[in-house]
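# Geometric and topological summary
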Amino acid sequence: METIDFEQIRLPKHVAIIMDGNGRWAQLRGKHRTFGHKAGAEAVRRAVTFARQKGIQSLTLFAFSSENWKRPQQEVSVLMDLFFTVLKREVKKLHKHNVRLRIIGDKQAFSDKLQQRIAEAEALTAANTALTLNIAANYGGRWDIAHAAKQLAEAVQAGKLSVEDISEDKLADKLCLAEQPAPDLLIRTGGEHRVSNFLLWQLAYAEFYFADVLWPDFDEHAFARAIADFSCRERRFGLTSAQVQQAILDTDVTTGE
Ligand code: FPP
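Each chain has its residues counted from 1, running along the sequence as written. In view of the model being predicted, local features appear only for residues whose pLDDT reaches at least 70, and side-chain atom pairs are presented and counted only at 80 or more, with totals across whole chains, interfaces and linings using the full set of residues. With hydrogens and water excluded, all non-hydrogen atoms of the structure serve as input to the side-chain values.

### Overview of the packing of aromatic side chains
When the centres of two rings from Phe, Tyr and Trp lie within 6.5 Å, Trp using its six-membered ring, the rings pair. Their planes under 30 degrees apart give stacked, over 60 give edge-to-face, and anything left gives tilted. Summed over the entire model, instances satisfying the criterion amount to twelve aromatic pairs. Ring centres of tryptophan 25 and phenylalanine 35 lie 5.8 Å apart, and the angle between their planes is 25°; on these two criteria the pair is classed as stacked. Linking tryptophan 25 in helix H1 (residues 22–28) with phenylalanine 35 in helix H2 (residues 33–54), this pair joins segments that are ten residues apart in sequence. Using a 1.4 Å probe on the protein chains alone, a residue whose accessible area is under 20% of its type maximum counts as buried, one over 50% counts as exposed, and one in between counts as partly exposed. Classification of phenylalanine 35 by relative accessible area gives partly exposed; the value is 35%. Among the aromatic residues, those joined into a cluster by ring pairs are Phe50, Trp215, Phe218 and Phe223. Two conditions define a charge sitting above a ring: the NZ of Lys or the CZ of Arg must be within 6 Å of the ring centre, and it must be within 35 degrees of the ring normal. Over the aromatic face of tryptophan 25 sits the side chain of arginine 29, whose NZ or CZ is 3.9 Å from the ring centroid. Over the ring of phenylalanine 84 we find lysine 113, and its NZ or CZ is 4.7 Å from the ring centre. Elements are defined by DSSP. Helices are runs of H or I of four residues or more, strands are runs of E of two residues or more, and each kind is numbered from the N terminus.

Given below as structure tokens:
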């Protein structure tokens, strides 16, 4: 294959993913939906490795929405156990690979044990610089904006901010992910074309990419296709989509291998 200058490919700085399709993936195999969530956790591991190797700065995964509490109690409980187990099992590996972990969302609804595990994982990885992995759990875009508005209102009430000084920038500073570049690529798997109350403010200028593949089947090739598509929307430098996609798969920008 001819050599392609990887510098020419425009990589997204921040990829946000709505991981949809776990339940259908399991049902297609005659299994319980929770089987799909376990397979989904494996796809999360693959996506994080891929993002880290390709030099993406931030990866934000929608793991549990504010609305997901309405699912059957047993499914909610399996998801909570899965978050706890995965945090316990993966955090040392994430740390070893220089990944910073952040959990965004209303964490107060989680058990004390889970909240403690989250705090420990965030503290351990706080200074890491290779990739920031944001897991959105009990997250809703409307909640995020309302929560930010509440903080501004409190600052006004305390006499620290005047109403005239409230601006888009001031509100954005109070949102989850404020200190990270805005997501430039949103991927949604599972065939639906909806934003489902994810990062409503932060996605204002993102490119949207919808994949029919169910989340547990989202592998390196599917991720590379999404990035190739993103890259092609702006600049392809005369390359074909297939070439760009192959270059992304072939090149590990962190190790140069
Ligand atoms: C959506 O599929 C998926 C979820 C609501 C849960 C996502 C959870 C994981 C990928 C597991 C582990 C995650 C972490 C971060 C450890 P769905 O159940 O709505 O699928 P369906 O549309 O086919 O019903």
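So that's the structure; there's more coming.
### Observations regarding the pattern of salt bridges
Any Lys or Arg side-chain nitrogen found within 4 Å of a carboxyl oxygen on Asp or Glu counts as a salt bridge. Applying the stated criterion across every chain yields a total of 13 salt bridges. For glutamate 90, the salt bridge goes to arginine 89, with nearest N and O atoms at 3.1 Å. Residues joined by salt bridges that share partners form a network here, namely Asp20, Arg24 and Arg188.

### Here we look at the nonpolar core
By nonpolar core is meant a set of buried Ala, Val, Leu, Ile, Met, Phe, Trp, Tyr and Cys residues that side-chain atoms within 4.5 Å join together. Ile17, Leu59, Leu133, Ile187 and Phe223 are the most contacted members of the largest nonpolar core, which has 51 residues in total. Excluding anything up to four places from it in sequence, isoleucine 187 contacts Val15, Ala16, Ile17, Ile18, Tyr209, Phe218, Phe223 and Ala226. Within the second largest apolar cluster, 13 residues are counted, among which are Ile18, Cys176, Leu186 and Phe198. Two residues form a contact once any of their heavy atoms are found within 4.5 Å.

### Examining the layout of surface pockets
For cavity detection a 1 Å grid was placed over the protein atoms alone, and a set of points counts as a cavity when a 1.4 Å probe fits there but cannot get out; an open set counts as a pocket when protein lies on both sides within 12 Å along at least five of seven lines, with lining residues being those that have an atom within 4 Å of a point. Grid points are joined across faces, edges and corners, and a volume is the space filled by probe spheres set on the points. The volume enclosed by the second largest pocket comes to roughly 310 Å³. In terms of lining residues, the second largest pocket is bounded by 16 residues, among which Ala172, Leu175, Ala182, Trp201 and Gln202 are the most central.

### Topic: the site of the ligand
In the neighbourhood of the ligand, 19 residues make up the surrounding shell, with Met19, Asp20, Arg24, Arg33 and Arg71 lying closest. Against a free-state accessible area of 620 Å², the protein chains account for coverage of 91% of the ligand. Those elements that provide at least two residues to the shell around the ligand are H1, H2 and helix H3 (73–96). When grouped by side-chain class, the residues that make up the shell around the ligand number nine nonpolar, six polar and four charged. Here a residue is considered near a molecule or strand provided that any single heavy atom belonging to it is located within 4 Å of it. Note on areas: Shrake-Rupley, 1.4 Å probe, and residue coverage restricted to the protein chains presented here. Polar here means any residue outside two lists: the nonpolar Ala, Val, Leu, Ile, Met, Phe, Trp, Tyr, Cys and Pro, and the charged Asp, Glu, Lys and Arg; Gly therefore counts as polar.

### Let's talk about the UniProt feature "active site" (unreviewed entry) in the protein
UniProt positions are given in the numbering used here, feature names are shortened, and annotations may be inferred rather than shown by experiment. Here the UniProt-annotated "active site" (unreviewed entry) positions come out as Asp20 and Asn68. For the residues just named, distributed over 49 residues, the greatest C-alpha separation is only 12.3 Å, placing them together at one site. Position of aspartate 20 among the secondary structure elements: in the loop between strand E1 (14–18) and H1. In this structure aspartate 20 comes out as buried when scored by relative accessible area, which is 18%. Every residue in contact with aspartate 20, bar those within four places of it in the chain, is listed here: Arg188, Thr189, Gly190, Glu192, Val213, Leu214 and Trp215. A 3.5 Å cut-off defines polar contacts: any pair of N or O atoms within that distance qualifies, except that in protein one atom must be a possible hydrogen donor and the other a possible acceptor, and neighbouring residues in sequence count only when both atoms are side-chain atoms. Polar contacts involving the side chain of aspartate 20 include one to the side chain of arginine 24, which spans 3.4 Å. By secondary structure assignment, the location of asparagine 68 is in the loop between strand E2 (58–65) and H3. Aside from chain neighbours lying at most four places away, what touches asparagine 68 is Ala63 and Val76.

### Remarks on the UniProt feature "binding site: Mg(2+)" (unreviewed entry) in the protein
Under the UniProt annotation, "binding site: Mg(2+)" (unreviewed entry) lies at Asp20 and Glu207. As for its position among the elements, glutamate 207 is in strand E6 (residues 207–210). When neighbours within four sequence positions are excluded, glutamate 207 is seen to be in contact with Asp184, Leu185, Leu186, Phe230 and Arg233.

### Looking at the pairing of E1
E1 sits mainly inside the fold: five of its five residues count as buried. Here E1 shows two buried faces, one formed by His14, Ala16 and Ile18 and the other by Val15 and Ile17. Where E1 and E2 come together, five bridges link them in parallel fashion. Along E2, the bridge assignment pairs isoleucine 18 with phenylalanine 62. In this sheet, strand E5 (residues 185–188) lies alongside E1 in parallel orientation, the contact comprising four bridges. A pair of strands counts as paired when DSSP detects no fewer than two bridges linking them.

### Here we look at the sheet that holds strand E3 (residues 99–104)
Here we have six strands laid out as an open sheet, ordered E3-E4-E2-E1-E5-E6, and parallel in their pairing. This sheet does not close on itself; its edge strands, each paired only once, are E3 and E6. Neighbour to neighbour, the strand axes of the sheet diverge by 20° on average, direction disregarded. One ladder, built from seven bridges, connects E2 with strand E4 (residues 131–139); its direction is parallel. Note that in E4 the partner of serine 65 across the bridge is tyrosine 139. With axes taken as lines fitted to C-alpha atoms, and helix axes fitted only over the stretch in contact, angles between N-to-C directions fall between 0 and 180 degrees.

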